Each structure stands twice: as C-alpha cells, then as structure tokens.
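Per-entry structural report
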Amino acid sequence: MTHPIDLIAGLGVVPVIAIERASDAVALADALLEGGLPVAEITFRTEAAADVLAAMRDARPELCIGAGTILDRANLKTAIASGARFGLAPGFDPDIVDAAKTENLPFCPGIMTPSDLTLAAARGVRLAKFFPAGVAGGPKALAGISAPFAHLGIRFIPTGGVTEATIGEWLALRQVIAVGGTWIAKTEDIREGRFKDIAKNAAAAVKVAKEALEKRA
C-alpha cells in the first residue's frame, strides 16, 4: 500500500473538507474517486467527522482518508480509530506531534512563522502545513520563511486561500509537496448534493497539479 504522504506528493493536491452528514460520505468519496483524486482530508470542524471517516474507510477503502483540524489528543485518538491514515492541524502543538509519532500516524502540524518552524523542526517535524497560506503572504512568503531551514529538508502543504489558479505558483516551490484546497468539495456543495460538480472540481485540480509537478521535474 502506498504511503499516504507519497500518494499526496504524487497528486500535488488534497481536498480539505468540512462535511456535515455521514450520510453524504460515500457519495462524496465516489465523487473524488471519479475525479481521479483518491485522497481526502476530513476536518474535525463538524460533529460528523469521525462517522464520515469510518463510513469512507468501510465503503471505499481505496480512498486514502486523513483527518484535519486535530487540536487535541481526543481528536487524534478518534481519527485513528475511525480509519484516518494521516493527520493535519492548523497549528503546532508539540504534545500532538509526539502523540502522533507514538501512534505511528503521519502528521503535519501547521506553521506560519520562522518561530513556529524553529519549534516544529526541533521536535523532528519534516512535513508542515503552511497555514493560513494566503493571509501569511503566499508562495513568496513561504519561500522566505523556509529558506533558513532548507538544509533540514522540511516540506510543506500550503492550505488556506489556495485556489485552482494558484496551484502552479505553489508547486513551483520544490519544498511544497502538495496544496490543500477547500474549493474542491465545499460544505454547501456537499449539503446540496452537487457531487458531479465536486467530481469536476477534483478532476480540474488534479490536471493543474499534474502539469505543475511535470514542469518542475
């Protein structure tokens, strides 16, 4: 089985999803798979997150599912029990990083400043979420912030304010393995059953990301 981070790096894009009903989980999974995007970050921003992960795990095991917005050990424990194969957080909490390492869960904590990155690097973090990427200054900001740490080989997944139009700019940075995108499967699109649109968004994002990765190869 492909390692989750290798899969994400190969695709170049991860859909970041806040889904309200577990009953929509399989239809959402099918839309992503139809669009050629076999990965999903289900955020713990809704009460349905754990049930959604479990439903996807059981019904569509070919979809690599991860948990986002892991803010405490309870989130982490629930995510793992529900089938999450990787995890992300908006910020850096050394306790969660250590717990994820103990559980052998690939985990990507969030950073926004050189100070955040210093603390994360000291804890052994080599994959970080740059968040909120747009507000923090975009690709130029990440290039500057990460430059002093380049020798450590730290890689990034920018999320927050990324759009299909800016995928190429982000992936032009070799330290960026993928971008996280909320536009692919918006909460309202899921709620209103627009799964065909989600499949189209996924396919378009995969195409743009693939072209960007090929350019830097």
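Scroll up for the structure.
Being a predicted model, the structure only gives us computed values, none of them experimental.

One open sheet accounts for 3 strands, arranged 6-7-8; its pairing is parallel. The strands lining the two open edges of the sheet, one partner per strand, are strand 6 (110-111) and strand 8 (155-158). Here strand 7 (residues 127-130) runs beside strand 8; their pairing, made up of 4 bridges, is parallel. Paired with L127 across the two strands is R155, which belongs to strand 8. Across the face of the sheet, helix 7 (residues 138-146) comes into contact with strand 7 and strand 8 while running at roughly 140° to strand 7.

Another aspect to go through is the pattern of salt bridges. Summed over the entire model, instances satisfying the criterion amount to 11 salt bridges. Among the salt bridges present, the one from D24 reaches R21, with a minimum N-O distance of 2.8 Å. Residue classification places D24 among the buried positions, given a relative accessible area of 11%. Linking R73 and D95 is a salt bridge whose minimum nitrogen-to-oxygen distance equals 3.0 Å. Taken together, the positions of R73 in helix 4 (residues 73-81) and D95 in helix 5 (residues 94-102) put the pair 22 residues apart, joining distant regions of the chain. Residue classification places D95 among the partly exposed positions, given a relative accessible area of 34%.

The next point concerns helix 6 (residues 114-122). Along an α-helix, a turn takes 3.6 residues, which lines up residues three or four apart on a common side. Those residues of helix 6 not exposed but buried are L117, A120 and A121. Within helix 6, the buried residues cover an arc of 95° as seen down the axis, which keeps them to one side. Looking at helix 6, the residues exposed on the side facing more than 90 degrees away from the buried face are L119 and A122. Where helix 6 is buried, its residues touch strand 6, helix 7 and strand 8. Directly after helix 6, the chain includes G124, whose backbone phi takes a positive value near 95°.

Cis geometry is adopted by the peptide bond preceding P132, which originates at F131 and carries an omega value of -10°. Along the chain, P132 turns up in the loop between strand 7 and helix 7. For T69, which is not glycine, the phi dihedral falls at a positive 55°. Structurally, the position occupied by T69 is in the loop between strand 3 (64-68) and helix 4. Residue T69 is classed as buried on the basis of its relative accessible area of 12%.

Turning next to the packing of aromatic side chains. Applying the stated criterion across every chain yields a total of 1 aromatic pair. Over the aromatic face of F131 sits the side chain of K129, whose NZ or CZ is 5.2 Å from the ring centroid.

Attention now goes to the packing of helix 2 (residues 25-34) against helix 3 (residues 49-59). Relative to each other, helix 2 and helix 3 sit at 60°, their axes nearing to 9 Å. Put simply, helix 2 runs oblique to helix 3. Our pair here, helix 2 against helix 3, has a crossing hand that is right-handed. On helix 3, the residues touching A25, V26, L28 and A29 of helix 2 are V52, A55, M56 and A59.

What counts, and where the lines are drawn
Residues numbered from 1 in each chain as written. Predicted model: local features only at pLDDT ≥ 70, side-chain atom pairs only at ≥ 80, totals over all residues. Heavy atoms only, no water. Pairing = 2+ DSSP bridges. Helix = DSSP H or I, 4+ residues; strand = E, 2+ residues; numbered from the N terminus. Contact = heavy atoms within 4.5 Å. Axes fitted to C-alpha atoms, helices over the stretch in contact; angles between N-to-C directions. Salt bridge = Lys/Arg side-chain N within 4 Å of Asp/Glu carboxyl O. Buried < 20%, exposed > 50% of the residue type's maximum accessible area, 1.4 Å probe, protein only. Arc of directions from axis to C-beta. Phe/Tyr/Trp six-rings, centres within 6.5 Å; stacked < 30°, edge-to-face > 60°. Lys NZ or Arg CZ within 6 Å of the ring centre and 35° of its normal. Parallel < 35°, antiparallel > 145°, perpendicular 65-115°, else oblique. Left-handed = near helix turned anticlockwise from the far one by under 90°.

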